[in-house]
Amino acid sequence: MVYVLGGWQSDYAKNWDRHGMELADAFSEVVQNGLESAQLDPADIEVGHVGNFVSDLFAGQGMLGGFFGLIDPAFNGLPTSRHEAACASGSVALLAATAEIEAGRYGLACVVGIEMMRNVSGAIAAQHLGAAAWAGHEYLDATYAWPRAFSDLSEEYDRRYGLSYAHLMEISRNNFANGKRNQNAQTRNYQFAPEAFTPSDEHNPVIEGRTRKMDCGQVSDGSAVVFLASADRAAEYARKRGIPLDAIPRITGWGHRSAPISYAAKIRASESERYVFPQVQRAASEARARAGLSDVTQIDAFEVHDCFAMTEYMAIDHLGITSPGEAWKAVESGSIAIGGANPINPSGGLIGMGHPVGATGVRMVLDGYKQVTGTAGDYQVEGAQRLQTLNIGGSTTTTVSFIVEKMAA
C-alpha cells in the first residue's frame, strides 16, 4: 500500500525565463514548497524521482536528479533518478517510486515532475516536442506534429463512428471554465469571444488538418511534487500530526501499457478491435481492477490527458464512461462537468490548467490528493473519495493510470 502525504504545484501561468529563473531554481522552488506544504523535513526523504521529457533540448540540461543536492545538505547522497516517457514522464516516475516502496527498498519518496518550455519560440518548441513521435518516419509534412497526430485521430473517429466538432468544443469550453476556478491555471484570466468555440477561421484558426487553436492544450512552464510513503512511514506521519491513518489518501490501483511508437501501426493493429487504442483501455481498466473496483461509476472524478480536445473525447469512451464512439453522449448530457456524474478535469486539465509535459502525471496525482481530501478549493468535486488519472505519452505510446482514494469517514 502506498500513501500520498501531500505536495505542491507551481503557478502554470508563470513564464520562468521572463522571471529570470533557471530550471534549477524551479526545481528548488517546488521541492521546498512541497516539503513545507506536507510538513516534512529534507531528512525525512529516502529517495528522489524526477519526471521530465526534454530538458536536454529546451534547457540544455540533463541529470536532473542532481538538483536535489543543491537544495539542502540533507539531500547530499540521496539516491535519485530521472524518468522519460514523453507526456507520461511524471507518471512513470511515480510508478518507479511506488514500486520501490512496495518492494521495501525505501519508505518515503519525493517525486518531482518538471518542464521548462516557454523559453523558446513556438516553432522550436514544436520541433523539440516532436521527439515523442517516430523521428524521420511520421508527420514529416507537418509543421506541428502533435496537432497533426490528433487531427488524424479525429479523422479516424469520424471514419469509424462519426464526429461532431461541436462536441470537441464543448470539451474545451468545459476545461477552460474549470481552469477559471483554479488559482494555478495558466488560462485562469483568459477571455474568449463566443465564436472562439466554433469552426471560425478568424476566431479559431486551423493549426493542422482538423485541429484548431481552441482544441489545443497549453505550452507551459511548470512543476509539481508529491510525497509517497509506505504504510509504516504513513502511520508514523499520522501519529505525529494526530490524525487517523485512514485520513491519508492512498494509491490503490495502477495501470501501465505501451504500444508501438508509430501512430499508423497503432491504428492498423486496432482495425478489428473494439477500441481505437486498446492499450489505453487496458491501462484504465487494469488500474480499477487492481483497486478492487468493478465499474467506472465507482470513480468520483477524473483527471485525464487532454493535450487536445480529441484526446479527452477518446479518453471518455476508453475509460468506459460510454461505449466506444459514443463519448458525445457524456458531453451532451453534461456528465463531464463539475457537478455531473463523471466530472472530468475539474482542475482545467491540460487545456485549461496547462501542460508542462514532465509535470503533468505528477500534477494529476496531486489533484487526486486534493480532491479526496476536500482541499481543491473552487474546483472541488463535492464528496469526492476516489479519483482516476489517465496520462498519455506520444500518440498513446505510453499510458499510465492511477486510482487515488481516501477511506470514507
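Look a little higher up for the structure.
What you see is a predicted model, and the numbers here were worked out from it, not measured in a lab.

Peer 1: Explain the packing of helix α4 (residues 89-102) against helix α14 (residues 360-372) to me, and be specific about the residues and the numbers.
Peer 2: Contact pair α4 / α14: the axes reach a minimum separation of 5 Å and the direction vectors enclose 65 degrees. Considering the angle they form, α4 stands roughly perpendicular to α14. Contact residues: α4 offers Gly90, Ser91 and Leu94, while α14 offers Gly361, Val362 and Val365. Here the residues of the contact of α4 with α14 sort into three nonpolar, three polar and no charged.

Peer 1: Quick rundown of the pattern of salt bridges? Include the residues and the values.
Peer 2: All told, the structure shown has 21 salt bridges when counted by the stated rule. For Asp56, the salt bridge goes to Arg82, with nearest N and O atoms at 2.7 Å. With a gap of 26 residues between them, Asp56 in helix α2 (residues 55-58) and Arg82 in strand β3 (residues 80-83) connect regions that are remote in the sequence. Residue Asp56 is classed as partly exposed on the basis of its relative accessible area of 39%. What makes Arg82 partly exposed here is its relative accessible area of 27%. Among the salt bridges present, the one from Glu236 reaches Arg233, with a minimum N-O distance of 3.6 Å. Taken together, the residues span about one helical turn, with Glu236 and Arg233 both in helix α8 (residues 231-241) at a distance of three residues. Judged by relative accessible area, which is 17%, Arg233 ranks as buried. Bridged by salt links that share partners, the residues Glu46, Arg233, Glu236 and Lys240 form one connected network.

Peer 1: Tell me about the packing of aromatic side chains, and name the residues and values.
Peer 2: To describe a pair of aromatic rings, you give the distance between the ring centres and the angle between the ring planes. One pass over the structure, following the stated rule, counts 13 aromatic pairs. Ring geometry for Phe192 and Phe197: centres 5.7 Å apart, planes at 75 degrees, overall edge-to-face. By relative accessible area, which is 31% here, Phe192 ends up partly exposed. Residue classification places Phe197 among the buried residues on the basis of a relative accessible area of 11%. Against the face of Tyr237 rests Arg241, its NZ or CZ located 3.7 Å from the ring centre.

Peer 1: Would you mind going over the nonpolar core in detail, with residue names and values included?
Peer 2: Judged by nonpolar contacts, the single largest core of 63 residues is most densely connected at Leu153 and Ile316. Ranked by size, the runner-up nonpolar core spans 32 residues in total, among them Met21, Val31, Ile45 and Phe75.

Peer 1: Quick rundown of the sheet that holds strand β7 (residues 222-229)? Include the residues and the values.
Peer 2: The strand order across the open sheet formed by nine strands is β3-β2-β4-β7-β1-β8-β11-β10-β9, and the pairing between neighbours is mixed. Edge strands, defined here as strands with exactly one partner in the open sheet, are β3 and β9 (301-304). On average, each strand axis in the sheet is tilted by 25 degrees relative to the strand beside it, whichever way the strands run. Across six bridges, the pairing between strand β10 (residues 386-393) and strand β11 (residues 398-405) is antiparallel. Residue pairing in the sheet places Arg386 in a bridge with Glu405 of β11. Contacts from α8 reach β1 (2-9), β4 (108-115) and β7 within the one sheet, and its direction differs from that of β1 by about 65 degrees.

Cut-offs and rules
Residues numbered from 1 in each chain as written. Predicted model: local features only at pLDDT ≥ 70, side-chain atom pairs only at ≥ 80, totals over all residues. Heavy atoms only, no water. Axes fitted to C-alpha atoms, helices over the stretch in contact; angles between N-to-C directions. Helix = DSSP H or I, 4+ residues; strand = E, 2+ residues; numbered from the N terminus. Parallel < 35°, antiparallel > 145°, perpendicular 65-115°, else oblique. Contact = heavy atoms within 4.5 Å. Nonpolar A, V, L, I, M, F, W, Y, C, P; charged D, E, K, R; others polar. Salt bridge = Lys/Arg side-chain N within 4 Å of Asp/Glu carboxyl O. Buried < 20%, exposed > 50% of the residue type's maximum accessible area, 1.4 Å probe, protein only. Phe/Tyr/Trp six-rings, centres within 6.5 Å; stacked < 30°, edge-to-face > 60°. Lys NZ or Arg CZ within 6 Å of the ring centre and 35° of its normal. Core = buried A, V, L, I, M, F, W, Y, C linked by side-chain atoms within 4.5 Å. Pairing = 2+ DSSP bridges.

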